[in-house]
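# Overview (structure and organization)
These are the residues of each chain, in order.
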Amino acid sequence: MANAKISLTINGRAVSAEVDTRTLLVHFIREHVKLTGTHVGCDTTQCGACTVHVNGTRIKSCTMFACQLEGAQVTTIEGLAKGKQLHPMQEAFREHHGLQCGYCTPGMVMSAIGIAERYKGKALTEDIVRHELEGNLCRCTGYHNIVRAVIAGAKAMSAG
Amino acid sequence: MYAFNYHRPSSIAEAVKLLKASSDGRCLAGGMSLIPTMKHRLASAADLIDLNGIRELAFIRREGDALVIGALARHVEIADSADVKKSIPALAALAASVGDPQVRNRGTFCGSLCFADPAADCPAGLVGLNGTVITDKRRIAADKFFNGLYETTLEKGEIVTGVSFPIPEKAGWAKFANLASRFAIAAVMVAKTGGGVRVAVTGAKASVFRVPEMEAALAKNFSAAALDGIKISPDGMNNDLHGDPDYRAHLVSVMAKRAVQAATA
Ligand SMILES: Cc1cc2nc3c(=O)[nH]c(=O)nc-3n(C[C@@H](O)[C@@H](O)[C@H](O)COP(=O)(O)OP(=O)(O)OC[C@H]3O[C@@H](n4cnc5c(N)ncnc54)[C@H](O)[C@@H]3O)c2cc1C
Ligand code: FES
Ligand code: FES
């Protein structure tokens, strides 16, 4: 077994730890930092339930090693709300009923914010959103309300 | 997953040295192929050399009449690059068709070449566009780079630093993706260059291949109609739940025509 020391920022909080080099970022977030909003839904890098932002980019945290993240800024689903006030994208998912069981939702919301940022200032169409959500699987909703939520959330983000 | 030591060099020279010093070292680029494979214990390494800290590998630029892409250029950057869209739009289209957005945010073109997955898109980009792989010690022509299923002609410890593409007169990309994995069931890169026409197919056999009959027909008449009547043999085509050899052979013809249409649109 080999270890590595890392210091990074998660949701604005400085975190330092010594981890087995094999530790995946998602397991670091869930088991070391005890933030369990980020989910694991597959072992093939396909489902997107583990999506978080690393230095502002959405990535699948099951497919990065924690030891790669020295100095990185990580944002997880827990980092979005301000106290009791939901992030506009979370609010849009609630308002548009963009979830059923909720398993995919943390990853969906993190991806949705990535989409809103990527298309900032441009019109977000249903086609674009469906294409941009290809890395996030949902087994409940049929996606329809998720797509509506993303479009509404992106609009609210640009207004706010 | 098997245990490994982790290294993060900041220069190519340092990475080469680390690889040389290890009995079983491997590069880590985007990790989109390597990490899932390691999770399943289908790959392992005593030492993982993370290339992500090497700034000199993160570039996309025009060099005279070539487009050069560094080993850390990610699919999303290739897809979005104004230089790529202007000089080889088909390459931007290929990059935009890889996997999903999160995979494109991490995965690199060169990592895909090194992995040599039979269903990967980038091998068809390299061979179709007649690119040259640049390593820390030599340049390898597209036609000499792949060596069958998951095999390349890279030597142990050799690092790919980038790929250089001549600018084609016209090129087109067409992909028929497996909707679950997003990998190609069959995909084709067609390019018309000063040196002739190239047609490269991925997803259909154990490794990327060219189709000389199509190249000859397109050299005479660069239009989709020129491919009418050219039969592709199902011999050696992949047979899996996504498609049998006859289906794939047919699909190659359809994708080749669409690639030519994309090139001439
Ligand atoms: C859900 C999903 C969908 C995907 N869909 C597609 C698709 O549609 N099309 C497609 O083509 N691919 C697809 N992929 C594969 C994707 O992993 C590759 O496209 C990716 O670009 C591989 O590059 P990487 O940088 O992630 O390589 P890594 O995983 O980091 O490395 C792959 C291999 O190459 C070696 N390597 C990497 N860089 C170098 C270098 N510079 N020098 C020497 N050796 C090196 C590594 O040691 C390793 O053996 C998909 C992957 C996933 C997880
Ligand atoms: S857990 Fe499924 S993509 Fe990460
Ligand atoms: S709401 Fe259940 S998986 Fe998406």
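Residues numbered from 1 in each chain as written. Chains lettered and ligands numbered in written order. Predicted model: local features only at pLDDT ≥ 70, side-chain atom pairs only at ≥ 80, totals over all residues. Heavy atoms only, no water.

## As for the domain arrangement of chain A
Residue and element names in this part refer to chain A. Going by this rule: Domain boundaries shown here were taken from an automatic or database domain assignment. Here, residues are in contact when the closest pair of their heavy atoms is within 4.5 Å. Summed over both partners, buried area is the accessible surface (1.4 Å probe) that two parts give up on being assembled. Every case where a carboxyl oxygen of Asp or Glu lies within 4 Å of a side-chain nitrogen of Lys or Arg is listed as a salt bridge. Here a polar contact means two N or O atoms within 3.5 Å. Within protein one must be a hydrogen donor candidate and the other an acceptor candidate, and residues neighboring in sequence count only if both atoms are side-chain atoms. Counting from the N terminus, the helices are the DSSP runs of H or I reaching at least four residues and the strands are the DSSP runs of E reaching at least two. Ten residues, namely Ala, Val, Leu, Ile, Met, Phe, Trp, Tyr, Cys and Pro, are considered nonpolar, four, namely Asp, Glu, Lys and Arg, are considered charged, and the remaining ones, Gly among them, are considered polar.
Structurally, chain A comprises domain 1 (3–79) and domain 2 (88–159). The straight-line distance from the C-alpha centre of domain 1 to that of domain 2 is 22 Å. At the junction of the two partners, domain 1 supplies 17 residues and domain 2 supplies 16 residues. Counting each side, the surface lost to burial between domain 1 and domain 2 is near 1,200 Å², with a carbon and sulfur contribution of 54%. Of all residues in domain 1, H53, R58 and I77 give up the largest surface area on contact with domain 2, accounting jointly for 45% of the area buried on that side. Taken together, domain 1 and domain 2 are joined by 1 salt bridge. The salt bridge partner of R58 is E132, with a shortest N-O separation of 2.6 Å. Here domain 1 is connected to domain 2 by 8 residue pairs in polar contact (both at pLDDT 80 or more). Elements with a contribution of two residues or more to the side of domain 1 that touches domain 2: β3 (51–54) and β4 (57–60). Residue composition of the side of domain 1 that touches domain 2, by class: 5 nonpolar, 10 polar and 2 charged.

## What about the side chain of A:T76?
Residues and elements named next belong to chain A. With respect to the helices and strands, T76 occurs in the loop between β5 (73–75) and α2 (88–95). A distance of 2.6 Å separates the side chain of T76 from the side chain of E78, its partner in a polar contact. Apart from residues lying up to four places away in sequence, T76 is in contact with I10, N11, I29, L35, T38, V52 and M110.

## Considering the sheet that holds strand β4 (residues 60–63) of chain B
Residues and elements named next belong to chain B. What counts is decided by this rule: Pairing between strands requires that DSSP locate at least two bridges from one strand to the other. Each axis is a line fitted through C-alpha atoms, taken for helices only over the stretch in contact, and angles between the N-to-C directions span 0 to 180 degrees.
The 5 strands lie next to each other as β4-β5-β8-β6-β7, forming an open sheet whose pairing is antiparallel. Strands at the two margins of the open sheet, each flanked by one partner only, are β4 and β7 (139–141). Neighbour-to-neighbour, the strand axes of this sheet turn through a mean angle of 25°, independent of strand direction. As defined by bridge partners, strand β5 (residues 66–70) adjoins strand β8 (residues 160–166) across 5 bridges and the pair is classed as antiparallel. What sits directly across from V68, in β8, is S164.

## Looking at the sheet that holds strand β9 (residues 170–177) of chain B
Strand-to-strand pairing in sheets goes through backbone hydrogen bonds, with the strands running parallel or antiparallel. Residues and elements named next belong to chain B. Taken in spatial order, the 4 strands line up as β9-β10-β11-β12 in an open sheet, and their pairing is antiparallel. Two strands lie at the open edges of the sheet, namely β9 and β12 (209–210), each paired on one side alone. Pairing analysis gives 8 bridges linking β9 to strand β10 (residues 184–193), with the strands arranged antiparallel. By the bridge assignment for β10, A174 is matched with V188. Across the face of the sheet, helix α5 (residues 89–96) comes into contact with β9 and β10 while running at roughly 15° to β9. Against the sheet, helix α10 (residues 245–264) engages β9, β10 and β11 (196–202), with an angle of about 140° to β9.

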